[in-house]
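Analysis of the macromolecular model
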Amino acid sequence: MKIWLDDKLVDEADAKVSVFDHGLLYGDGVFEGIRFYNGRIFRLDEHIRRLFDSSRAILLDLPWSQEQVCRFTCETVAANALSDGYIRLVVTRGAGGLGLNPYLCPKPSMFIIASTIQLYPEEHYQNGLAIITCATRRPSPAALMPQVKSLNYLNNIMAKIEAIQANAQEAVMLNEQGYVAECTGDNLFLMKNGTLFTPLIGDGALDGITRSVIIELSRTLGIPFVERSLTRYDIFTSDECFLTGTAAEVIPVVALDRRPIGTGQPGPFTHRFMDAYHQLVMSTGTPIQ
Ligand code: PXG
């Protein structure tokens, strides 16, 4: 496998970062997870824009332009002769001293891995997920800005552990006020009386690329859409629920905290979004060559 490291492609065996890298020592860095389908990278420009926004928000100045990073990403996929898969693009503060001070890290590091992806088992897409509400809260924007896709995922990992220990596949994370923020690695949507709902970004959700695509598709499909604060009550009383993310795509949720949602089966609107999403990813995107 070929890996992009800083300014060039290297063999996997040579793709190494320093133990003094602040991405490792402090989670000081940002990342993206990107999918490509059918020889095209889906929403590449949006992912790279979000990467640069995340970097800007943490005062991490990148010595590359957005166009360059797009090109490096395409080159990495092409070098591995893949047509369908997953890209992990990571930027860190780089190597520095054993202290928090990021100004002592002279050069950011970047690596890009293009590989295949382990998906949720097909049965979950057919039967839907049973999820729980976890006790781990999404940090307030005053602590760690939720829009920054940072290398600090411990909060989400602790939530994921709660889900796994409860035999659930995902966990709903509430914000400090008790409103629904999102799941550990996916955004959440509801259908109620023919209207699509999702939590506000300000309630602690990541501004998901897949989330934006679903909002666009609601317009194409003529489905009314409302972005507002949601509680567990709204999930319990919804007709349908589904999660969205680059990795998970669109996946139905049929129960929350062992209570069935709607009929307890993936619903018709969820199927429409799943179909429309698949059609879009298979037919659009930045060509790899
Ligand atoms: N919320 C969070 C907290 C995320 O990490 C999403 C929502 C969905 O965003 P996109 O832009 O992908 O629609 C993410 C996605 C995984 C995994 O294994 C997911 C993410 C990062 C790392 C791993 O599911 N991010």
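Residues numbered from 1 in each chain as written. Predicted model: local features only at pLDDT ≥ 70, side-chain atom pairs only at ≥ 80, totals over all residues. Heavy atoms only, no water.

1. Here's the deal with the domain arrangement of the protein
Its domain assignment divides the protein into domain 1 (2-115) and domain 2 (122-283). Spacing between the C-alpha centres of domain 1 and domain 2 amounts to 26 Å. The interface of domain 1 with domain 2 comprises 26 residues on the first partner and 22 residues on the second. By the criterion of area lost to domain 2, the three top residues of domain 1 are Phe31, Tyr37 and Arg50, representing 31% of everything that side buries. At the junction of domain 1 and domain 2, the tally comes to two salt bridges. With a shortest N-O distance of 2.9 Å, arginine 43 and glutamate 216 are connected by a salt bridge. Taken together, domain 1 and domain 2 are joined by twelve residue pairs in polar contact (both at pLDDT 80 or more). Every element with two or more residues in the side of domain 1 that touches domain 2 is listed here: helix 1 (22-26), strand 3 (29-37), helix 2 (44-57) and strand 5 (85-92). Sort the elements by how many residues they give to the side of domain 1 that touches domain 2 and strand 3 lands first, with eight residues. (Domains from an automatic or database assignment. Contact = heavy atoms within 4.5 Å. Buried area = accessible area lost by both parts, 1.4 Å probe. Salt bridge = Lys/Arg side-chain N within 4 Å of Asp/Glu carboxyl O. Polar contact = N/O pair within 3.5 Å; in protein donor to acceptor, adjacent residues only side chain to side chain. Helix = DSSP H or I, 4+ residues; strand = E, 2+ residues; numbered from the N terminus.)

2. Observations regarding the sheet that holds strand 4 (residues 40-41)
Taken together, seven strands build an open sheet; the order of strands is 2-1-6-5-3-4-16 and the sheet is antiparallel. Taken across any chain shown, the strands that pair with only one partner, and hence form the sheet edges, are strand 2 (8-11) and strand 16 (286-287). Sheet topology note: the strand 1 (residues 2-5)/strand 6 (residues 109-115) ladder contains two bridges and is antiparallel. Residue pairing across strands places leucine 5 opposite phenylalanine 111, the latter belonging to strand 6. Its contacts with the sheet place helix 3 (residues 66-79) against strand 1, strand 2, strand 3, strand 4, strand 5, strand 6 and strand 16, and it is angled at close to 40° to strand 6. (Pairing = 2+ DSSP bridges. Axes fitted to C-alpha atoms, helices over the stretch in contact; angles between N-to-C directions.)

3. Side note on a nonpolar patch on the surface
Side chains of Val19, Phe20, Leu24, Leu25, Tyr26, Leu98 and Leu100 sit close together on the surface and give an oily, nonpolar patch of about 740 Å² of accessible area. Examined against the element boundaries, leucine 25 turns out to sit in helix 1. Its relative accessible area of 32% is what places leucine 25 among the partly exposed residues. (Patch = residues over 30% accessible without salt bridge, like charges linked within 9 Å, V, L, I, M, F, W, Y side chains within 5 Å. Areas by Shrake-Rupley, 256 points an atom, 1.4 Å probe, with all protein chains shown as cover. Buried < 20%, exposed > 50% of the residue type's maximum accessible area, 1.4 Å probe, protein only.)

4. As for the site of the ligand
Residues in contact with the ligand amount to 19 residues; listed here are only the nearest, Lys149, Tyr153, Glu182, Thr210 and Thr246. In this structure, arginine 50 approaches the ligand through a side-chain N or O atom, which is 2.8 Å from an oxygen atom. Note that an oxygen atom of the ligand is positioned 2.6 Å from one of the side-chain N or O atoms of threonine 210. Isolated, the ligand exposes 550 Å² of accessible area, and the fraction of that covered by the protein chains is 82%. The residue makeup of the shell around the ligand, split by class, is five nonpolar, eight polar and six charged. Looking at which domains feed residues into the shell around the ligand, each of domain 1 (2-115) and domain 2 (122-283) gives three or more. (Near = heavy atom within 4 Å. Nonpolar A, V, L, I, M, F, W, Y, C, P; charged D, E, K, R; others polar.)

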